[in-house]
Amino acid sequence: MKIGELACHTGTQVETIRYYERAGLLPKAARTDGNYRIYGVAHAERLRFIRNCRSLDMTLDEIRALLGFKDSPTANCGTVNELLDEHIGHVASRIRELRQLERQLKGLRELCEEASDAGHCGILNELAQTAAPQSTQSEATAGGHVPGAHKGGTQSRSKDNTKSLKTRPFG
């Protein structure tokens, strides 16, 4: 099947399929004389596996490791268990961070119970406050915006500083 057919068959965008090929997750497809990619059932199955992993918010590195085991069916799967246990830990951490973010947003929302002119909006005024610079990377990652994926046990964060919202009491 051509790339468009594979995309329709698996519910994956064409550009995503090409990206997975470049990233080495999906093997390069054979080409026709007209230079069209031709994919087989094995490509569709592998792509389905990758999409299932992505739906569980696994990183490409985690997926690459899992694919390595999938490609070596006689290998011991103990490392797969460890990888999943680590991923579960990342998810639990993100849930805690999301709960903290929810508390921050609710506290911020309480600053403007009634609609008024924007110049006196407690939310806008609080968001406009200048945050003090953070001194360490651990402080910078201690509770800012929750990213969609993790990498190597740390999570990338936006460079926006939200310390003032985390440490200043609301009200």
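Residues numbered from 1 in each chain as written. Predicted model: local features only at pLDDT ≥ 70, side-chain atom pairs only at ≥ 80, totals over all residues. Heavy atoms only, no water.

Caption draft 1: Local environment of helix H2 (residues 14-22). Within H2 the residues assigned to the buried category are Ile17, Tyr20 and Glu21. Buried positions in H2, seen along its axis, are confined to an arc of 105° and lie on one side of it. Buried residues in H2 make contact with helix H1 (3-10), strand S2 (37-38), helix H3 (41-55) and helix H4 (60-70). (Buried < 20%, exposed > 50% of the residue type's maximum accessible area, 1.4 Å probe, protein only. Helix = DSSP H or I, 4+ residues; strand = E, 2+ residues; numbered from the N terminus. Arc of directions from axis to C-beta. Contact = heavy atoms within 4.5 Å.)

Caption draft 2: Region of the structure containing the nonpolar core. Formed by 19 residues in total, the largest nonpolar core has its most connected members in Ile17, Tyr20, Leu25, Ile50 and Ile63. Counting residues per element, the ones that place at least two in this core are H1, H2, H3 and H4. (Core = buried A, V, L, I, M, F, W, Y, C linked by side-chain atoms within 4.5 Å.)

Caption draft 3: Representation of the pattern of salt bridges within the structure. Applying the stated rule across the entire model yields seven salt bridges. Here Arg18 makes a salt bridge to Glu15, at a shortest N to O gap of 3.2 Å. Of the two residues, Arg18 and Glu15 both sit in helix H2, three residues apart, roughly one turn of that helix. Since its relative accessible area comes to 28%, Arg18 is described here as partly exposed. In this structure Glu15 comes out as partly exposed when scored by relative accessible area, which is 44%. Where Arg94 meets Asp57, a salt bridge forms, and the shortest distance between an N and an O atom there is 2.1 Å. (Salt bridge = Lys/Arg side-chain N within 4 Å of Asp/Glu carboxyl O.)

Caption draft 4: How the structure looks around unusual backbone geometry. Phi angles above zero are rare outside glycine, and Asn35 is one such case at about 70°. Within the secondary structure, Asn35 is located in the loop between strand S1 (30-31) and S2. The exposed category is assigned to Asn35, whose relative accessible area is 52%. A positive phi is found at Asp57, a non-glycine position, where the angle reads about 65°. Residue placement: Asp57 occurs in the loop between H3 and H4. On the basis of relative accessibility, which here comes to 17%, the residue Asp57 falls in the buried class.

By themselves, these figures tell us nothing about what the structure is for.
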